[in-house]
Amino acid sequence: MEYKDTLNLPKTKFSMKADLPRREPVFLKEWSDADIYSLIRKEREGSPKYILHDGPPYANGDIHLGHALNKTLKDIIIKYKTMQGYDSAYVPGWDCHGLPVEHQLFKELKINKYQIGQVEFRKKAYDYALKYVAIQKEQFMRLGIFGDWERPYLTLTPDYEEGIVRSLGEMVRKGYVYRGLKPVNWCFKCETALAEAEVEYNEHTSPSVYVKFKLDENKDYPGDANYLVIWTTTPWTLLANVAVAAHPDLVYSYIKTDKGSLILSKDLLPAVLPQIGVDKYELIKEARGADLEGLTYTHPFGLRKGRVVLADYVSREEGAGLVHTAPGHGNDDYLTGIRHKLDIIMPVDSKGKFDATAGEFKGMNVFDANSVIIEKLRNEGALLLEAKIQHSYPHCWRCKNPVIFRATKQWFINIGHEGLRDKLVKAIEEDIAWVPASGEERIKSMVQQRPDWCLSRQRYWGVPIPAVRCSDCDEVILDPAIIENVANRIVDSGSDIWFKEDVKAFIPEGFVCPKCKGDRFIRCEDILDVWFDSGVSHQVVLKKRKELEFPCALYLEGSDQHRGWFQSSLIPSMCIDGKPPFKSVLTHGFVVDGLGRKMSKSLGNVISPQAIIKDYGADILRLWVASSDYDEDIRVSSEILSRLSEAYRKIRNTARFALSNLYDFNPDTDKVAYDKLRLIDKWALYVTEAALKDVNNGYETFQFHKAYKSIYDLCNESLSMYYMDMVKGRLYTCAKDSVERRSAQTVIYEVLNILVRMMAPILVFTAEDIWRQMPKESKCRAAASVHFLSWPGENPGLRDGLPEEFLSVMRMIPDIAKLLEEKRNEGVIGSSFDAKINILTNNPKRYTFLESIRFQLCEIFKVSQVLVEKSSDPCDIAISALKADGAKCMRCWNYDFSVGGSNTHPALCKRCVTVIGEEQKS
């Protein structure tokens, strides 16, 4: 007879080839048709909540790998917390207003904002944003991310816009909002103010000049050729100079040179003089900075008189120790100007060009004017040095052009009002858990140093700041009553209503200008900073949606959001509610290529998530996310993805082996009790229990790369290399219903039941595929998806059933494998079943234990025979490999003396003859 037909050979519909790009969409459709997200929510209704609040991406293009990384991390957490028993609703959101959308739309329309009306453009922007919401929604869903995709929050919907305006009104009522003339980051390309979070620092080449400011005659500095020496990398700001700042405690040298008598920092003389071409000088006197205060000078172009003031920020390490001060062009300069009552000169318009007050420079772009200004300084004899400097300089995050500092009238949140800054710092230190912990110091230092938040933007697309201007006295008013009226109208008609209707529709009856008592008003057209839109999502989403809660458990975004969304959320929440909107904050790094370089089209190293999904499938992309240590920047390349695909195959093949040997196993009736299991079976449960503990800890601490590694190691080493390879003989050759085979199946089922749950938050499609193929206990058969399952409970008792002596046996396996390989190379054996292992020990306790499990050792070492002998050798244990005794059974491949003892089946061992007989009877 054909003995292979008597074997319990593996069989399963679970394919070795995953074919993820083709099969994943099938699962997606089935999940969508079943509305699996709603079913899971219903299943968890009433359970304790764990709410991760989604930071909204901009609706202005296809998703990139950074989006995929972020959303997948969130989904892993939510799926894990759901399996843990939490009601973990996930409401995705989109940021639909602001410069990101406006900038992209203007590029597509190939026009600027002066070529289209505001209301007409707003309609196009609305449609544009919704188009990309739909596109991105499908792309996120393709990643296997569960969420309330039919009811996301969008910052352009009337109910959300109403919430934005009401949040602003509450902060106005509490006195946090004011209007002031201050220098702000200004993008003249986009023609708008920018918040700190909208500025990125890139390398930039600037002119570096040392300039002489001629002192007015003074009894302490007599004569006509005395000069203050300043250094600047923005010569164009010299037109707005009104003062020179000195450090009160620095020592300044007054020296006579062939370039005139110069005043500059004593400490910086060795660095500055060689640069400006001074090799000889005579020291006339020294003075502290405090003694220079009040000295006056004439602007190099004769524009005005200036004076020396004191400031602690003057550097001891660079420049000349004297700082050119233009309060209209820098925050430090501005504060110095306020303190010393200096004029704020602003000769630059919204397009970055000098206005008529700049005289001969009128109409010139400020950066273009640098060279002309430097030439004039040279002609006036005021230039000591011209050079170039490469340095980090602020750029607009959207158009990537360098920005300028420009004093304009804007709306601000006062970070000092009611001790807000100190309250923010206290909350950061005491009320919020930061992951990684370094995030706390990072955001705390930013909050301690941040200027007031500039709320207003001079753009078309956004929620209006409902301020009015008095027609009689030009006073600008932001009144809570007007804000309330606007909010009431927005909830029905959207924010366009502010720009469409006559402003009278929003003015309360009897309202007059608080300054002149006039009653005629003009609508102001500034819009709110888009960061305020998303920053108040806790008011509009967390507080209003019953499935969510405030404060929520977690915010999770890229580490750049320490400057962005984390602050723009924390500040309004502390102002309105006096507490943070989140209990924990988790941050991740950025996606870079395999060499650690930022991805860019110019480098040709951009990899899109769509391309990865097309080639590999979403589960491989999710595996890349989970396997990466996101504390640092996260590398991706074809080589990395190829390695992950190989790791995925090992996990998949482990599951396939398990499934293929459970085809006739019913966990309700076929399980074998724990005390009836062999030690190697108990060991498999033991290592799975240890892996579960590590995986659970990895998920709990958000260290998903550790969870992934534990899953991979369990599959690749403990199961594939050891247990599953060891028990093949039992599974294939023992009687179908024998205790020996059912024991192995019991363990494989239990291990797979844990494994499929551990991998479900990461490999969402593969886990579903496995779950549908595997046998189920009756209590779990109603689960429509693997994602309905509970997290496996830990069972520390599984460790108690394994004696230390057995663990020492498992540690012998590598040495035995090495011996077998040597015998194979010598030609003594082919298969390991051709071998016999001899174990000699002088330890009576060990001898007794090994002898008691000698038959089990054959399975563990994958050999036909094991002989355990007592030894008088001083060595505790010695092992050797020999050719096995007896003849080879043609069914189980083991060597045995009983082969040939059966007349019916002379090629088989006694055990196989018995099995065949039992199977034929059944």
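See the structure shown above.
What you see is a predicted model, and the numbers here were worked out from it, not measured in a lab.

Novice: Teacher, can you tell me more about the overall build of the protein chain here?
Specialist: Of the regular secondary structure elements, the protein chain holds 30 helices and 32 strands. Expected size for 922 residues packed as a compact globule is a radius of gyration near 29 Å; at 38 Å, the protein chain overshoots this value by more than 25%. Referenced to the eigenvectors of the C-alpha coordinate spread, the extents of the protein chain come out at roughly 125 × 75 × 45 Å. Within the protein chain, buried positions represent 57% of all 922 residues. Once local pairs closer than 6 in sequence are excluded, the contacts in the protein chain between residues at least 24 apart make up 77%. Element-wise, carbon and sulfur atoms account for 49% of the exposed surface of the protein chain, whose accessible area totals about 38,500 Å². Between the centroid of the 124 positive side chains of the protein chain and the centroid of its 127 negative side chains there is a distance of 3 Å.

Novice: Looking at this model, I keep getting lost on the sheet that holds strand 22 (residues 521–523). Mind explaining?
Specialist: The strands that make up a sheet pair up through hydrogen bonds in the backbone, lying either parallel or antiparallel. Pairing is antiparallel in the open sheet, where 3 strands are placed in the order 21-20-22. Only two strands of the sheet have a single neighbouring strand rather than two, namely strand 21 (476–477) and strand 22. Alignment of strand 20 (residues 468–470) against strand 21, held across 2 bridges, turns out to be antiparallel. When the bridges of strand 21 are listed, Val-468 appears paired with Ile-477.

Novice: Can you walk me through the pattern of salt bridges in this structure?
Specialist: Charged atoms that come close allow side chains of opposite charge to pair. Applying the stated rule across the entire model yields 68 salt bridges. The shortest N-O distance in the salt bridge between Arg-457 and Glu-198 comes to 2.7 Å. Pair noted here: Arg-457 is in strand 19 (residues 456–457) and Glu-198 is in the loop between strand 5 (192–194) and strand 6 (199–215), with a separation of 259 residues, a long-range link. Both residues of the pair, Arg-457 and Glu-198, count as buried.

Novice: Would you explain the sheet that holds strand 16 (residues 404–413) in this entry?
Specialist: Pairing is antiparallel across the open sheet formed by 4 strands, whose spatial order is 5-4-16-18. The two strands at the open ends of the sheet, each matched to only one other strand, are strand 5 and strand 18 (453–454). In this sheet, strand 16 lies alongside strand 4 (residues 177–187) in antiparallel orientation, the contact comprising 10 bridges. Bridge pairing in strand 16 places Val-177 opposite Ile-413.

Novice: Help me out: how do you make sense of the side chain of Lys-74 in this one?
Specialist: Along the chain, the position of Lys-74 falls in helix 3 (residues 65–83). You can call Lys-74 buried: its relative accessible area is 0%. With near-sequence residues (within four places) excluded, Lys-74 lies in contact with Leu-52, Asp-54, Gly-55, Tyr-90, Leu-556 and Glu-557.

Rules used throughout
- Residues numbered from 1 in each chain as written.
- Predicted model: local features only at pLDDT ≥ 70, side-chain atom pairs only at ≥ 80, totals over all residues.
- Heavy atoms only, no water.
- Helix = DSSP H or I, 4+ residues; strand = E, 2+ residues; numbered from the N terminus.
- Rg over C-alpha atoms; globule rule 2.2 N^0.38 Å.
- Buried < 20%, exposed > 50% of the residue type's maximum accessible area, 1.4 Å probe, protein only.
- Contact = heavy atoms within 4.5 Å.
- Areas by Shrake-Rupley, 256 points an atom, 1.4 Å probe, with all protein chains shown as cover.
- Lys, Arg positive; Asp, Glu negative; His and termini not counted.
- Charge placed at Lys NZ, Arg CZ, Asp CG, Glu CD.
- Pairing = 2+ DSSP bridges.
- Salt bridge = Lys/Arg side-chain N within 4 Å of Asp/Glu carboxyl O.

Distances and angles like these do not, on their own, reveal function.
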